[in-house]
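What follows is the residue order along each chain.
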Amino acid sequence: MLSSVLDTAGSEAATTQPASAAERKIILTAITNADNTNKRLPEDFIYVMMNSMELTTMVSLLCCPHCFDKKLTMCITQSKGMAHLIKIKCLNCEIYLWPDLTSKKSNNVHLDINVRAVAALKESGISHSKFDRFCGLMSMPCMHRNTYNNLANIVNTAIIEAGEECMIRASAVVHGRNISQPLTTDDRISSTGCPVITVSFDGTWHKRGHSSHSGNGTVIDFDTGLVIDTEVLSNYCCVCDSNSAELNFDASKHMCQKNFSGSANAMEAAAASKICSHSVASENLFMA
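**Q** What's the story with unusual backbone geometry in this structure? I'm lost.
**A** Trans peptide bonds make up the majority, and among non-glycine residues the majority have a negative phi. Although it is not a glycine, E94 adopts a positive phi angle of roughly 60°. Locating E94 in the fold gives a position in the loop between β2 (83–90) and β3 (95–101). One non-glycine residue, S139, lies in positive phi territory at about 55°. Here S139 lies in the loop between α6 (128–137) and α7 (145–180).

The structure is reproduced here in structure tokens:
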């Protein structure tokens with residue numbers, strides 16, 4: 001009897017509590033938005049790599065919806081990155097049944113497959129030159145370098161905005177929980193009215209040996225485990241360095257990556273100082 005009660009209680013606890021810390025963090029920062037359900041892709045939505053000759057054979061086996069005759073032909077007229085303009089024509093009716101691209105535009109601006117390809121390449125650490133080599137071996141057209149660079153900037157901006165939005169939600173959660181339900185025995189309010197929270201900080205660099213040109217610091221709330229702020233520092237900009245010898249070079253016309261003048265060893269302390277300085281102003285939190 002006791003074992004059955006314990007089993008029931010354990011099963012109920014397992015269903016009510018998140019199975020992992022990641023799920024708990026997602027629940028804490030989750031946003032209920034009914035519009036997100038309309039933006040989800042169908043479950044059968046996938047991109048398929050297929051031989052064009054096999055696709056032509058497949059189309060030739062289909063019937064025309066107008067004359068019901070098997071006289072359909074297919075041709076690929078042009079490519080736009082990873083998307084292709086395919087035209088399917090009925091030789092009997094002399095009309096085009098499918099003059100469209102193989103990918104739709106996301107947000108009515110850029111082709112979805114191109115955006116996904118660039119995001120996947122950057123996530124995997126693959127440069128455009130390596131991607132060009134891959135496409136050459138696969139006998140498929142490659143995305144132009146200018147298109148890749150433009151989409152890479154868009155993807156980078158979207159990633160930064162998503163990260164900042166996530167940290168804003170995390171800061172709001174930490175602020176609300178420390179005001180209404182203090183989680184630690186050391187809870188207190190600073191002289192500025194901001195809740196004092198306990199955090200952990202860690203810094204890292206792009207490469208070892210204290211010779212890296214970029215590094216970042218991250219602050220994590222001790223009680224919730226949420227990342228509430230991060231700071232990226234760089235003491236080098238390739239555009240400024242490559243054009244430093246030009247007399248008429250205007251540095252304001254590009255997004256300069258350099259925001260720190262010290263050494264790699266000093267980046268960790270500088271990142272911690274910057275995070276603490278703007279935590280009170282932007283996040284209404286006092287870190288200890």
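**Q** Where do I start with the nonpolar core in this structure?
**A** One recurring pattern in soluble globular proteins is that nonpolar side chains are buried together. M82, V118, F131, M143 and Y148 are the most contacted members of the largest nonpolar core, which has 16 residues in total. At the level of secondary structure, the elements contributing two or more residues to this core comprise β2, α5 (112–124), α6 and α7. Residue contacts for M143: discarding those within four places in its chain leaves G81, M82, N114, A117, V118, H128, F131, Y148 and L151. Core analysis: the second largest hydrophobic core is formed by eight residues, I197, V219, L226 and I228 among them.

**Q** Got a minute to help me understand the sheet that holds β2 in this structure?
**A** Pairing between the strands of a sheet comes from backbone hydrogen bonds, and it takes one of two forms, parallel or antiparallel. In space, the three strands of this open sheet follow the order β1-β2-β3, with antiparallel pairing throughout. In this open sheet, the two strands that pair with only one neighbour each are β1 (72–80) and β3. On average, each strand axis in the sheet is tilted by 15° relative to the strand beside it, whichever way the strands run. The strands that helix α4 (residues 52–60) touches are β1 and β2; relative to β1, the one it contacts most, it runs at about 145°.

**Q** Looking at this model, I keep getting lost on α5. Mind explaining?
**A** Helical periodicity: at 3.6 residues per turn, an α-helix aligns residues three or four positions apart in one direction. Its 13 residues place the ends of α5 18 Å apart at the C-alpha level, agreeing with the 18 Å of an ideal helix rising 1.5 Å per residue. A positive backbone phi angle near 75° is found at G125, which sits one or two residues after α5.

**Q** Would you mind showing me how to read the environment of S106 here?
**A** Structurally, S106 can be placed in strand β4 (residues 105–106). Those residues in contact with S106 that lie beyond four places of it in its chain are L111, D112 and V115.

**Q** Is there a simple way to explain the confidence of the model for the protein chain in this structure?
**A** One rule of thumb: low pLDDT means the predicted coordinates there are not for detailed reading. Summary statistics for the protein chain give a mean pLDDT of 79 and a share of 75% for residues scoring 70 or more. When the elements of the protein chain are averaged for pLDDT, helix α1 (residues 2–16) gives the smallest value, 47, and α6 the largest, 92.

**Q** Which parts of the structure should I look at to understand the packing of aromatic side chains?
**A** Given two aromatic rings, one states the distance between the centres and the angle between the planes to describe the pair. Counting across every chain of the model gives one aromatic pair. With a centroid separation of 6.4 Å and 15° between ring planes, the pair formed by F131 and F134 is classed as stacked. Here F134 and F131 lie together in helix α6, a separation of three residues that amounts to about one turn. Taking the ring centre of Y96 as reference, the NZ or CZ of K87 above it sits at 5.6 Å.

**Q** What am I meant to see in the sheet that holds strand β9 (residues 214–221) here?
**A** What the three strands build is an open sheet, ordered β8-β9-β10; its pairing is antiparallel. Strand pairing shows two members of the sheet lacking a second neighbour, β8 (199–205) and β10 (227–234), which therefore form its edges. Strand after strand, the sheet turns through a mean of 15° between neighbouring axes, direction not considered. Sheet topology note: the β9/β10 ladder contains seven bridges and is antiparallel. Of the residues in β10, the one forming a bridge with S214 is S234.

The rules we used
- Residue positions are counted from 1 within each chain, in the order its sequence is given.
- In keeping with the predicted nature of the model, local features appear solely for residues at pLDDT of at least 70, side-chain atom pairs appear and are counted solely at 80 or more, and the whole-chain, interface and lining totals rest on all residues.
- Each side-chain value is worked out from all heavy atoms of the structure, with water and hydrogens disregarded.
- Here a helix means four or more residues in a row that DSSP labels H or I, a strand means two or more in a row labelled E, and each is numbered from the N terminus.
- Among buried residues, the Ala, Val, Leu, Ile, Met, Phe, Trp, Tyr and Cys ones that are joined through side-chain atoms within 4.5 Å form a nonpolar core.
- Each residue's exposure class comes from its accessible area (1.4 Å probe, protein chains only) as a fraction of the maximum for that residue type: buried when under 20%, exposed when over 50%, partly exposed otherwise.
- The contact rule is simple, with two residues in contact once any of their heavy atoms fall within 4.5 Å.
- Strand pairing is assigned whenever DSSP identifies at least 2 bridges connecting the two strands.
- Helix axes use the C-alpha atoms of the stretch in contact, all axes being lines fitted to C-alpha atoms, and the angles between their N-to-C directions lie in the range 0 to 180 degrees.
- To estimate how far a helix should reach, multiply one less than its number of residues by 1.5 Å.
- Every residue carries a pLDDT, the predictor's confidence in it, which falls somewhere between 0 and 100.
- By convention, a stacked pair of Phe, Tyr or Trp rings (six-membered ring in the case of Trp) has centres within 6.5 Å and planes under 30 degrees apart, an edge-to-face pair has planes over 60 apart, and any other such pair is tilted.
- Each ring is checked for a lysine NZ or an arginine CZ that lies within 6 Å of its centre and within 35 degrees of its normal; such an atom marks a charge sitting over the ring.

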